[in-house]
Each structure stands twice: as structure tokens, then as C-alpha cells.
Amino acid sequence: TPLKRRKAMSINAIETLQFNCTTCPSECLLTVEVERDADGAVVEVHSVTGNSCPRGDKFAHQELTCPMRVLTTTVAVSGGDEALLPVRTAEAIPLELHAQAMDLIRGLEVKAPIRMGDVVLPNLLNTGIDLIASMDIDLA
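Residues numbered from 1 in each chain as written. Predicted model: local features only at pLDDT ≥ 70, side-chain atom pairs only at ≥ 80, totals over all residues. Heavy atoms only, no water.

(A) Seen up close, the sheet that holds strand E10 (residues 131–133). Taken together, the five strands give an open sheet; going across it, the order is E8-E5-E6-E10-E9, and neighbouring strands pair in mixed fashion. Where the open sheet ends on each side, the last strands, each with one partner, are strand E8 (109–111) and strand E9 (119–121). Each neighbouring strand pair of the sheet contributes to a mean axis angle of 45°, computed without reference to strand direction. Bridge count between strand E6 (residues 84–89) and E10: three bridges; the pairing is antiparallel. Looking at the pairing, arginine 88 lines up with isoleucine 132 of E10. (Pairing = 2+ DSSP bridges. Helix = DSSP H or I, 4+ residues; strand = E, 2+ residues; numbered from the N terminus. Axes fitted to C-alpha atoms, helices over the stretch in contact; angles between N-to-C directions.)

Here is the structure:
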């Protein structure tokens, strides 16, 4: 009912945040006004200022609703001239999946030789994003 909705709205808090956009080297300082519910979850992004291009607005919304990051780590190598292979996701994945992804990756072992860009684990956690090698490793 409208009365309940109005009451719930009064519980929500308006908060002003500042953080840098990381989509380009300009690193604009964004000022973002958000509405949070009683649990602290973002209900709505009211305004974004400080961005010098439209990417800043998109970045602020993404960062507050579903932050995304490229995951970088290492996996064990067998038969190679290095013991560990640096790997990364080919694209950013939701930050909330990083711990689960690390649990899965921790148990991996790849066999040498491997080339930079080779897919180490396809479709990580059904994200559609591959885990790829970040360097070459030759046979020992």
C-alpha cells in the first residue's frame, strides 16, 4: 500500500560518497548520492557528478550495484621451468565471486608448456569469462 511504501522510504538514508573512477587514466573524483535501505544495501543511485565523460556515470552505478574486478592469482605448474603460473580472468567478474573462484583455482595444476593467453579454466563459475595464462612457461 502507498502508506507502507512511504513509511519504508522514511527509513532509507541518503548518503554522499566520493571515489575515483578507474575506467581511464583521468581518474575523475566522483561524488555520488545514493539511497540505502535499513540493511545498508543501495536502493538507488540518485546522482553522479565529477565525471568528465559518460563512462564515470556508468562506472559509479556498476561499482555500487555489482562491483566487478579482474581476478589475478597463480596456479601450480607441473613439468615446467617455473613452479607457479600467473593467471587472470580475461575480463572482470563480480567481486562477490572472487572468494569462490579462489577456492576453485587453488586446486588447479597445469602442465607445461603453456603460453600467455592460453585458457587455463574456461567459463569460470559460469560467468562466461575464461581464466587465462599471463606468461609463458616452458618445459623444465
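(B) Highlighting the environment of serine 134. Considering the arrangement of structural elements, one finds serine 134 in the segment after E10. The exposure class assigned to serine 134 is partly exposed, which follows from its relative accessible area of 26%. In this structure the C-alpha to C-alpha distance between serine 134 and arginine 88, which are 46 residues apart in sequence, comes to 6.6 Å. When residues no more than four places from it in sequence are discounted, the contact partners of serine 134 are Pro86, Val87, Arg88 and Met116. (Buried < 20%, exposed > 50% of the residue type's maximum accessible area, 1.4 Å probe, protein only. Contact = heavy atoms within 4.5 Å.)

(C) Summary view of the sheet that holds strand E2 (residues 29–36). Reading across from one edge, E1-E2-E3 is the order of the three strands in this open sheet, with antiparallel pairing throughout. The open sheet has two edge strands with one neighbour each: strand E1 (13–20) and strand E3 (42–49). Across the sheet, the mean angle separating the axes of adjacent strands is 25° when strand polarity is ignored. In terms of strand pairing, E1 meets E2 through eight bridges, oriented antiparallel.

(D) Local environment of the pattern of salt bridges. Taken as a whole, this structure holds four salt bridges when the rule is applied. Where glutamate 63 meets arginine 69, a salt bridge forms, and the shortest distance between an N and an O atom there is 2.7 Å. Judged by relative accessible area, which is 33%, arginine 69 ranks as partly exposed. Residue aspartate 138 is joined to arginine 115 by a salt bridge in which the shortest nitrogen-to-oxygen separation is 2.6 Å. (Salt bridge = Lys/Arg side-chain N within 4 Å of Asp/Glu carboxyl O.)

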